[in-house]
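Chain by chain, the residues run as shown.
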Amino acid sequence: MDWSNWLAEQQLARQKGNLQRNRFAYSGRQGSILSVGESQFINFSSNDYLGLAGHPALSQSLAESAAVNGVGSGASHLVCGHSEIHQQLEAALAAFVGAERVLLLSSGYMANIGLPQALTSRDDLILSDRLNHASLIDGIRLSRAKKRRFRHCDIEHAQLQAEQQKFSRCLVVTDGVFSMDGDIAPIQELRLLSNKNNGLLLVDDAHGLGVVGSGGRGSLYASTAGGEFIDFESVLLMGTLGKAFGCYGAFVAGNANLIEHISQSCRSYIYTTAPPPAIAACALSALELVKQGELTKNLHTNIQYFVSQAKAYDLPILTSSSAIQVLLVGDNIRVMNLSNMLRDKGFLVGAIRPPTVPEGTARLRITLSSTHKVEQIDRLLIELRKAMDDEL
Ligand SMILES: *Cc1c(COP(=O)(O)O)cnc(C)c1O
């Protein structure tokens, strides 16, 4: 088959399956109000959970740092691209999450694509939650280890997988807050499982950092009954700076020996240009704002309000105490219809379809921000209830 026929066939298959995705271009700043052409939407679809993406303090840090440090870092961290600002950010993030050492990476995708390979070899086993993020799945594929998936948050199933394999060391991999469901992983139990199997637990906290746990310190602080911290003994945390932190980039946090090994062997750390120092300066300002605590507190007020009102409107949302709230729809066409009906009313809500989620579990993904106003949440829920009633 030649290229043009193949492309046409692929395009047709996407259209038939209602899987075609279209982007639009916004103008101005990212935020809870988004301008698209002449229209303004109330935005319930971004990962900008604390309203930092468009925050003036971050713009100012970026501009000031760029004026002093220029733009490009010029090289990878290990050559000559590691600036004092990168160093400061690593130290500040380590103090924030309570780890010995932090290493910055260019993005969460880059972190996840490199870590499994850097941490395992042929004799090892990787156990991965079935609903882990696509970037983790890709990273695990690149490693030479044996790979087994376990049912979502099912410790017994994970243990069973381990018992059926012969292996030297084990890497247990989980999202902290699951990106398409909003629930929090049973991290304490996963760590016990991991310890039983000569393991290391890797937690991807892209949606937990700044959002859950005391002071927004993430899932390691949110997963215990008393909210006490799970230490970094045999735990590695991956956090991103492009979601609640409103910037761009990612980091891994853990014990010094582990981080040193990653810095020497993670290909997606070594063979790429270090992020611009001004971006690191910007992330430092974001961290200062997160540490003040007000933004995370406001976000939780909104989360609690949304959950209680959604129940009052009898909307079938999944249980979630994170900023990700999910209304399970099932059918791809229905979810597109609902999302289009909401867009007509001026609301942006994510319509999530396979392959991002399992077949038959298409859903509306409503993300909350500290900057949403009560009236905006009220109006969304009213329109959502109407859309679901009209549709039947
Ligand atoms: C967004 C996301 C990533 C990727 O992070 P980027 O910094 O956007 O590349 C990784 N893991 C999870 C769970 C995510 O939601």
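Residues numbered from 1 in each chain as written. Predicted model: local features only at pLDDT ≥ 70, side-chain atom pairs only at ≥ 80, totals over all residues. Heavy atoms only, no water.

Enquirer: Is there a simple way to think about the site of the ligand in this case?
Expert: Around the ligand, the structure places 13 residues, and the nearest of them are Gly108, Tyr109, Asp204, His207 and Lys243. Between the ligand and His133 there is a distance of 3.4 Å, counted from a nitrogen atom to a side-chain nitrogen or oxygen. One of the side-chain nitrogen or oxygen atoms of Asp204 is found 2.6 Å away from a nitrogen atom of the ligand. Contact with the protein chains hides 83% of the accessible area of the ligand, taken as 380 Å² for the molecule alone. The element contributing the most residues to the shell around the ligand is helix H5 (residues 108–119), with 3 residues. For the shell around the ligand, a count of residues per class yields 2 nonpolar, 8 polar and 3 charged. (Near = heavy atom within 4 Å. Polar contact = N/O pair within 3.5 Å; in protein donor to acceptor, adjacent residues only side chain to side chain. Areas by Shrake-Rupley, 256 points an atom, 1.4 Å probe, with all protein chains shown as cover. Helix = DSSP H or I, 4+ residues; strand = E, 2+ residues; numbered from the N terminus. Nonpolar A, V, L, I, M, F, W, Y, C, P; charged D, E, K, R; others polar.)

Enquirer: Just checking my understanding: could you explain unusual backbone geometry for this structure?
Expert: Negative phi is the rule for most residues except glycine; trans is the rule for most peptide bonds. Going from Pro354 to Pro355, the amide bond is cis rather than trans, its omega being 5°. Even without a glycine there, the phi angle at Asn18 is positive, about 55°. Tracing the backbone shows Asn18 in the loop between helix H1 (3–16) and strand E1 (33–36). In the Ramachandran plot, Cys153 falls in the positive-phi region, its phi being about 55° despite a non-glycine side chain. Note that Cys153 resides in the loop between strand E5 (146–150) and helix H7 (155–163).

Enquirer: Quick question: what am I supposed to make of the environment of His86 here?
Expert: Note that His86 resides in helix H4 (residues 84–97). For the pair formed by His86 and Ser76, sequence separation is 10 residues and the distance between their alpha carbons is 12 Å. The residues touching His86, leaving out its near neighbours within four places in the chain, are Ser73, His77, Gly81, Leu104, Ala274, Pro275, Pro276, Pro277 and Ala280. (Contact = heavy atoms within 4.5 Å.)

Enquirer: What is the right way to look at the side chain of His157 in this model?
Expert: Along the chain, His157 turns up in helix H7. Here His157 falls in the buried class, since its relative accessible area comes to 14%. Apart from the residues lying within four places of it in its own chain, the contact partners of His157 are Arg149, Phe150 and Arg151. (Buried < 20%, exposed > 50% of the residue type's maximum accessible area, 1.4 Å probe, protein only.)

Enquirer: What is the right way to read the packing of aromatic side chains from this model?
Expert: Within a pair of aromatic rings, the relevant descriptors are the distance that separates the centres and the angle that separates the planes. Scanning the model with the defined rule gives 2 aromatic pairs in all. With a centroid separation of 6.3 Å and 35° between ring planes, the pair formed by Phe44 and Phe347 is classed as tilted. In this pair, Phe44 sits in strand E2 (residues 39–44) while Phe347 sits in strand E11 (residues 347–352), placing the two residues 303 residues apart along the sequence. For the pair Phe44 and Phe347, a shared accessibility class is recorded, and that class is buried. The ring of Tyr221 has Arg217 lying over it, and the distance from NZ or CZ to the ring centre is 5.7 Å. (Phe/Tyr/Trp six-rings, centres within 6.5 Å; stacked < 30°, edge-to-face > 60°. Lys NZ or Arg CZ within 6 Å of the ring centre and 35° of its normal.)

Enquirer: What is the right way to look at the domain arrangement of the protein chain in this model?
Expert: Often, the extent of an interface is quoted as the loss of accessible area upon association of its parts. Split by domain assignment, the protein chain resolves into domain 1 (22–54 + 293–391) and domain 2 (73–275). Distance from the C-alpha centre of domain 1 to the C-alpha centre of domain 2: 27 Å. With 23 residues of domain 1 at the interface, the matching set in domain 2 holds 19 residues. Regarding the contact of domain 1 and domain 2, the summed buried area is about 1500 Å², with carbon and sulfur atoms giving 61% of it. Two residues, Arg363 and Asp181, come together in a salt bridge whose shortest N-O distance is 3.1 Å. Going through the elements one at a time, helix H13 (294–312), strand E10 (324–330) and strand E12 (362–367) are the ones with two or more residues in the side of domain 1 that touches domain 2. Broken down by element, the side of domain 1 that touches domain 2 gets its largest block of residues, 3 residues, from H13. Across the side of domain 1 that touches domain 2, the residue classes tally to 12 nonpolar, 8 polar and 3 charged. (Domains from an automatic or database assignment. Buried area = accessible area lost by both parts, 1.4 Å probe. Salt bridge = Lys/Arg side-chain N within 4 Å of Asp/Glu carboxyl O.)

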